[in-house]
Amino acid sequence: MQHAINGERLWKRLMAMAEVGATPEGGSCRQTLSDADEAGRALLLGWCAQRGYRIRRDRIGNLFIRREGRDPAAPAVLIGSHLDTQPTGGRFDGVLGVLAGLEVLETLDDRSVETIRPIELCVWTNEEGCRFQPAMMGSGVACGVLELETVLSVRDSAGVTVDDDLIRLGYGREALPQLADADCYLELHIEQGPILEAEGKTIGVVTGGQGIRWYEISLVGEETHAGPVPMAMRKDPVPVLMRVIGLVQEIGRTDDLARCTIGCIELSPNSINVVPGRVELTVDLRHPDETVLEGMHRRLLSGLNTLLKSHEGIDIECRLSWHSPVVAFDDALIEAVRASAGDRDLTSRDIVSGAGHDAFNLARRVPTTMIFVPCRGGISHNPNEYATPADVTAGTNVLLDVTLTRARS
Ligand SMILES: [Zn+2]
């Protein structure tokens with residue numbers, strides 16, 4: 001029998017959570033481990049307390065809300081996301097996954113549905129990474145991707161450490177972060193991109209996440225006066241910059257799934273009448289196939305090498321500053337999402353996640369997948385972030401179906 005979640009209750013809670021740290025522009029600001037973030041957690045835990053779920057907190061501030069199954073020793077179905085936001089965050093990024101998770105638990109209670117496996121709702125600390133880096137911190141520590149001791153000492157721009165705030169908020173004596181014995185992890189999220197809306201599809205069947213490589217490139221010439229030095233006698237890195245931009249755009253045309261971005265360019269000294277002595281730029285390459293991404297990487301390096309040889313007097317340095325491997329989600333879970341969308345007559349398409357999510361960390365430990373719903377105009381990390389009540393309900397119903405498929409097995 002197909003169950004249905006209570007879309008009205010979920011929508012009311014999304015709007016209530018948005019009032020915690022509400023901004024005048026209509027969004028929310030609950031930066032991680034701030035008072036507003038903690039108030040959002042308290043609101044959630046208040047709703048959970050009415051149902052008597054078992055609540056566990058850990059030393060990095062993750063919350064785990066557990067509805068027991070018939071076999072308490074069976075590996076649990078984990079569902080979740082995050083409640084922290086960007087400083088100019090919206091009402092749905094992360095929050096949807098958490099409140100949809102609670103809605104799944106409550107729907108099962110309302111219908112007196114027993115499951116074999118326990119179901120555990122996870123709220124991960126510091127997914128956003130705007131106040132403390134790196135992002136996806138709580139899930140990273142719980143999954144053994146990050147060291148607890150290292151992240152506790154990370155400081156924000158005011159000099160406050162992650163540990164200072166965890167202690168201030170009462171997490172100082174909690175148990176070390178540990179993932180429950182888990183069968184799988186599921187996360188519902190807004191797409192944060194424009195594809196589902198543009199194609200009129202309701203459910204994004206997320207097959208994985210892009211691999212990401214970040215580069216810092218320096219082009220070094222010689223500063224000179226803009227007047228006296230003839231063009232042919234300059235060591236001007238700007239013509240080389242033009243070629244680098246062309247090269248990166250060219251790599252971006254590798255195929256439809258390739259993404260190449262130059263996000264920062266700094267000229268030094270950045271003065272109208274000085275030939276710059278130095279250009280610093282960043283390149284962000286992404287692709288869902290590691291082999292193709294490796295090919296893009298090699299084209300960048302060989303292209304830069306060619307430029308180095310053909311532009312005498314300009315030195316080119318390129319440093320890989322960060323990388324995140326391609327994430328592949330679990331085939332059986334992907335199929336379960338597809339099947340649920342089909343059973344409910346919802347339009348769907350396969351999609352690769354362009355943004356990072358806690359699910360990427362979980363995927364290293366347990367079978368994992370995500371479900372996307374459209375967000376208006378593809379806008380996210382913005383007070384205008386919006387998903388329709390119908391899409392929110394549809395996505396949560398799919399989350400319910402896949403949760404039940406696993407929790408009953
Ligand atoms: Zn998010």
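Here we look at the layout of surface pockets
Roughly 800 Å³ of internal volume is contained in the largest pocket. Surrounding the largest pocket, 30 residues form its lining, A135, M136, W322, S324 and G356 being those nearest its centre. When residues of the lining of the largest pocket are assigned to their parent elements, the largest contribution, 3 residues, is made by strand β13 (residues 315-324). The class makeup of the residues in the lining of the largest pocket is 14 nonpolar, 11 polar and 5 charged. The residue makeup of the lining of the largest pocket includes at least three contributed by each of domain 1 (7-209 + 326-407) and domain 2 (211-324). One number sums up the size of the second largest pocket: a volume of about 520 Å³. Lining the second largest pocket are 28 residues, and of these Q210, R259, R286, G354 and A355 lie nearest its centre. Mapped by element, the contributors of at least two residues to the lining of the second largest pocket are β7 (211-220), β9 (259-261), β12 (278-287) and β15 (348-353).

Notes on the coordination of the zinc ion
Those donors, H82 (NE2), D93 (OD) and H189 (NE2), are the protein atoms that reach the zinc ion, and they lie 2.0 to 2.2 Å from it. Every donor residue of the zinc ion comes from the same chain, spaced as H-x10-D-x95-H. One end of the pair, H82, is in the loop between β3 (76-81) and α3 (95-110); the other, D93, is in the loop between β3 and α3, with 11 residues separating them in the sequence. The exposure class assigned to H82 is buried, which follows from its relative accessible area of 0%. The class for D93 is buried, based on a relative accessible area of 5%.

Notes on the packing of aromatic side chains
The description of an aromatic ring pair uses the distance of the two centres, along with the angle that the planes make with each other. Evaluation of the coordinates by the stated rule reveals 7 aromatic pairs. Between the aromatic rings of W11 and F92, the centroid separation amounts to 5.7 Å while the plane-to-plane angle is 40°, which identifies the pairing as tilted. Of this pair, W11 sits in helix α1 (residues 7-18) while F92 sits in the loop between β3 and α3, and the two are 81 residues apart along the sequence. In terms of burial, W11 and F92 fall into one category: buried. A connected cluster of aromatic rings, assembled from ring pairs, spans W11, F92 and Y386. If you follow R56 out to its NZ or CZ, it ends over the ring of F64, 4.2 Å from the centre. Here the basic side chain of R57 rests over the ring of Y171, its NZ or CZ set 4.1 Å away from the ring centre.

Examining helix α8 (residues 238-252)
Taking 1.5 Å per residue, 15 residues should reach 21 Å; α8 reaches 21 Å between its end C-alpha atoms and fits that length. Considered for burial, the residues of α8 that qualify are V240, L241, V244, L247, V248 and I251. The buried residues of α8 occupy an angular sector of 120° when projected down its axis, which confines them to one face. Where α8 is buried, its residues contact β7, β9, β10 (265-268), β12, α9 (290-310) and β13.

Overview of the domain arrangement of the chain
Domain annotation of the chain identifies domain 1 (7-209 + 326-407) and domain 2 (211-324). On the side of domain 2, 7 residues touch domain 1, which itself brings 4 residues to the contact. Here domain 1 and domain 2 share an interface that buries about 450 Å² over both sides, 55% of which is from carbon and sulfur atoms. Broken down residue by residue, the surface that domain 1 buries against domain 2 is led by V326, V352 and G354, which jointly contribute 77%. Here domain 1 is connected to domain 2 by 0 salt bridges. Counting the contacts that link domain 1 with domain 2 gives 2 residue pairs in polar contact (both at pLDDT 80 or more). In terms of residue class, the side of domain 1 that touches domain 2 is made up of 2 nonpolar, 2 polar and no charged.

Here we look at the environment of E312
Note on placement: E312 falls in the loop between α9 and β13. Overall, E312 belongs to the exposed group, its relative accessible area being 79%. For the pair E312 and V95, spaced 217 residues apart in sequence, the C-alpha separation works out to 53 Å.

Here we look at the pairing of strand β2 (residues 63-67)
With 5 of 5 residues buried, β2 lies mostly within the body of the structure. Residues L63, I65 and R67 line one face of β2 and the alternating positions F64 and R66 line the opposite face, and both faces are buried. Relative to β2, strand β1 (residues 54-57) is paired through 4 bridges, and the arrangement is antiparallel. Bridge pairing links R56 to F64 in β2. The hairpin turn running from β1 into β2, its antiparallel successor, is 5 residues long, and G61 in that turn takes a positive phi close to 95°. As defined by bridge partners, β2 adjoins strand β4 (residues 119-123) across 5 bridges and the pair is classed as antiparallel. Residue pairing across strands places I65 opposite L121, the latter belonging to β4.

What to know about the pattern of salt bridges
Per the counting criterion, the structure on display carries 33 salt bridges. One salt bridge connects D37 with R41, and the closest N-O pair in it is separated by 3.8 Å. Remark: R41 and D37 occur in helix α2 (residues 35-49); sequence separation between them is 4 residues, near one turn of the helix. By relative accessible area, which is 2% here, D37 ends up buried. Overall, R41 belongs to the buried group, its relative accessible area being 2%. A salt bridge links R338 to E335, with the nearest nitrogen and oxygen atoms 2.7 Å apart. Placement of both R338 and E335 in helix α10 (residues 331-343) is noted, with a separation of 3 residues, approximately one turn of the helix. With relative accessibility at 32%, the residue R338 sits in the partly exposed group. Classification of E335 by relative accessible area gives partly exposed; the value is 41%. Three or more residues joined by partner-sharing salt bridges are found here, namely R9, R13, R51, E103, E106 and D110.

Reading guide: rules and limits
- Residues numbered from 1 in each chain as written.
- Predicted model: local features only at pLDDT ≥ 70, side-chain atom pairs only at ≥ 80, totals over all residues.
- Heavy atoms only, no water.
- 1 Å grid on protein atoms, 1.4 Å probe; cavity = no way out; pocket = protein on both sides within 12 Å on 5 of 7 lines; lining within 4 Å.
- Points joined across faces, edges and corners; volume = space filled by probe spheres on them.
- Helix = DSSP H or I, 4+ residues; strand = E, 2+ residues; numbered from the N terminus.
- Nonpolar A, V, L, I, M, F, W, Y, C, P; charged D, E, K, R; others polar.
- Domains from an automatic or database assignment.
- Donors = N, O, S within 2.8 Å, 3.2 Å for Na, K, Ca; no water.
- Buried < 20%, exposed > 50% of the residue type's maximum accessible area, 1.4 Å probe, protein only.
- Phe/Tyr/Trp six-rings, centres within 6.5 Å; stacked < 30°, edge-to-face > 60°.
- Lys NZ or Arg CZ within 6 Å of the ring centre and 35° of its normal.
- Expected span 1.5 Å × (residues − 1).
- Arc of directions from axis to C-beta.
- Contact = heavy atoms within 4.5 Å.
- Buried area = accessible area lost by both parts, 1.4 Å probe.
- Salt bridge = Lys/Arg side-chain N within 4 Å of Asp/Glu carboxyl O.
- Polar contact = N/O pair within 3.5 Å; in protein donor to acceptor, adjacent residues only side chain to side chain.
- Pairing = 2+ DSSP bridges.

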